[in-house]
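Fold and contact review
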Amino acid sequence: MRAAALAAALRPLRDDLFVLGADGAPVALRGTRCTDCGRVAFPARALCSHCAPNGHLVPHRLSAHGVVHASTVARVPSAMGHAPPYAYGYVDLPDDATRIFAPLSGAEATWFQPGARVRVVFGEIPAAAMRGVLGYWFVPDAPVTADD
Ligand SMILES: [Zn+2]
């Protein structure tokens with residue numbers, strides 16, 4: 001099964017997390033943008049953190065490319081069943097002028113140092129309690145070499 005078809009067959013972690021393509025597979029993360037101040041948030045919000053209770057939010061397609069702001073490595077299993085070690089942290093999305101919290105995978109957990117360039121991918125969440133659930137995480141934006 002192609003990756004897109006597989007992703008379309010999974011149940012999303014939340015209904016409002018993804019921009020979906022014509023085949024039903026996710027093509028981007030979906031957040032909100034405030035039409036008053038321009039701030040972007042992910043996941044989608046009901047109120048702008050800057051303008052509340054005013055401000056009008058519209059759906060926003062987030063950039064796929066980011067830079068690790070900070071990360072940490074968990075060395076115990078998660079409640080959902082992620083096998084340690086695994087990384088997660090904050091990723092800056094420069095095109096959206098925002099920072100989001102996300103799992104980090106696709107390289108040694110310690111690779112995700114501040115400044116590392118990453119991109120978002122979609123698939124079945126790799127945790128025992130999340131079988132069949134569509135999620136997202138960030139991976140290295142370019143192949144990791146021995147020099148990294
Ligand atoms: Zn606002």
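Topic: the overall build of the protein chain
What the protein chain contains, in helices and strands, is one helix and ten strands. Across the protein chain, helices and strands are ordered from the amino to the carboxyl terminus as α-β-β-β-β-β-β-β-β-β-β. Over its C-alpha trace the protein chain gives a radius of gyration of 16 Å, about what one expects of a compact globule, namely 15 Å for 148 residues. In terms of overall dimensions, the protein chain has C-alpha extents of about 45 × 35 × 30 Å along its principal axes. Across the 148 residues in the protein chain, those meeting the buried criterion constitute 30%.

Points about the pairing of strand β9 (residues 117-124)
Sheet topology note: the strand β6 (residues 65-74)/β9 ladder contains three bridges and is antiparallel. Residue pairing across strands places G66 opposite V118, the latter belonging to β9.

Concerning the pairing of strand β8 (residues 98-104)
In the sheet, strand β7 (residues 86-93) pairs with β8 via seven bridges, with the strands oriented antiparallel. Residue pairing across strands places V91 opposite I100, the latter belonging to β8. Taking the residues that link successive antiparallel strands as the turn, the β7-β8 hairpin has four residues, and the phi of A97 there is positive, at about 50°.

A short note on the environment of P103
Structurally, the position occupied by P103 is in strand β8. Since 20 C-beta atoms lie within 10 Å of it, P103 is described here as buried. Each C-alpha atom of the pair P103 and H56 lies 29 Å from the other, and the pair is 47 residues apart in sequence. Aside from chain neighbours lying at most four places away, what touches P103 is Y88 and W137.

Description of the confidence of the model for the protein chain
Fine structural detail should not be taken from predicted coordinates in areas where pLDDT scores are low. On average, the protein chain scores 92 in pLDDT, and the residues at 70 or more come to 96%. No element of the protein chain has a lower mean pLDDT than helix α1 (residues 3-9), at 72, and none a higher one than β6, at 98.

Quick notes on the environment of G106
The residue G106 is located in the loop between β8 and β9 in this model. A tally of 17 C-beta atoms within 10 Å means that G106 is categorised as partly exposed. Along the backbone, G106 and V118 are twelve residues apart, and their C-alpha atoms lie at a distance of 10.0 Å. Not counting residues within four places of it along the chain, the set of residues in contact with G106 comprises V139 and P140.

Examining the environment of Y86
Among the secondary structure elements, Y86 is positioned in strand β7. Its 20 C-beta neighbours within 10 Å are what place Y86 among the buried residues. Taking the C-alpha atoms as reference, Y86 lies 29 Å from H60; in sequence the two are 26 residues apart. Excluding anything up to four places from it in sequence, Y86 contacts A74, S105 and A109.

Observations concerning unusual backbone geometry
Of the consecutive residues F42 and P43, the connecting peptide bond is found in the cis state with omega at -5°. For P43, the position within the fold is in the loop between β4 (40-41) and β5 (57-61). Following P84, the chain continues into P85 via a peptide bond in cis, with omega recorded as -5°. Among the structural elements, P85 can be located in the loop between β6 and β7.

About the thresholds
Residues numbered from 1 in each chain as written. Predicted model: local features only at pLDDT ≥ 70, side-chain atom pairs only at ≥ 80, totals over all residues. Helix = DSSP H or I, 4+ residues; strand = E, 2+ residues; numbered from the N terminus. Rg over C-alpha atoms; globule rule 2.2 N^0.38 Å. Buried ≥ 20, exposed ≤ 12 C-beta atoms within 10 Å, placed from the backbone. Pairing = 2+ DSSP bridges. Contact = placed C-beta atoms within 7 Å. pLDDT = per-residue confidence, 0-100.

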